[in-house]
Amino acid sequence: MTVLDRIKKVSKKRGFSLTQVNDKANLGKNTIYSWKTKEPSINNLKAVADVLNVSVDYLLGKTDDISTSMKPKQVDIADDDVIMTFEGKPI
């Protein structure tokens, strides 16, 4: 699957057209469509990844994990299954 194919797939899942993603990423006219024949710059690819809330690695096909694991997850500290530690010791 190409970068363009992955962008199309995620855009559809998020309810965006490619034109909308292109505009939200502040790219030049039809920039994403041009990626059918040429490679995107890393800055443009990062902008699209941010709009779609996926990682650049996902768009490049280096991973099939669509989530952005770089962002911290929210934890409910009242949950009995949460174990909080500091420097390996329970709090």
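Because the structure is predicted, anything quoted here is derived from the model rather than measured.

A. A look at the side chain of N22. Its location among the elements puts N22 in helix α2 (residues 18-24). Of the residues examined, N22 reaches a relative accessible area of 4% and is grouped as buried. Here the side chain of N22 touches G28 through a polar contact of 2.8 Å, landing on its backbone oxygen. Not counting the four nearest positions on each side in its chain, N22 is found in contact with L27, G28, K29, N30, T31 and I32.

B. Quick peek at the environment of D65. Its place among the elements puts D65 in the loop between α5 (56-60) and β1 (85-86). Residue class for D65 comes out partly exposed when judged on its relative accessible area of 39%. As a C-alpha pair, D65 and V54 span 11 residues in sequence and 8.8 Å in three-dimensional space.

C. Highlighting the pattern of salt bridges. Counted according to the given criterion, the structure contains two salt bridges. One salt bridge connects R6 with D64, and the closest N-O pair in it is separated by 2.9 Å. You can see R6 sitting in helix α1 (residues 3-14) and its partner D64 sitting in the loop between α5 and β1, a full 58 residues away along the chain. The exposed category is assigned to D64, whose relative accessible area is 64%. Residue K46 pairs with D50 through a salt bridge whose shortest N-O separation is 2.8 Å. Taken together, the residues span about one helical turn, with K46 and D50 both in helix α4 (residues 42-52) at a distance of four residues. The class for K46 is partly exposed, based on a relative accessible area of 43%.

What counts, and where the lines are drawn
Residues numbered from 1 in each chain as written. Predicted model: local features only at pLDDT ≥ 70, side-chain atom pairs only at ≥ 80, totals over all residues. Heavy atoms only, no water. Helix = DSSP H or I, 4+ residues; strand = E, 2+ residues; numbered from the N terminus. Buried < 20%, exposed > 50% of the residue type's maximum accessible area, 1.4 Å probe, protein only. Polar contact = N/O pair within 3.5 Å; in protein donor to acceptor, adjacent residues only side chain to side chain. Contact = heavy atoms within 4.5 Å. Salt bridge = Lys/Arg side-chain N within 4 Å of Asp/Glu carboxyl O.

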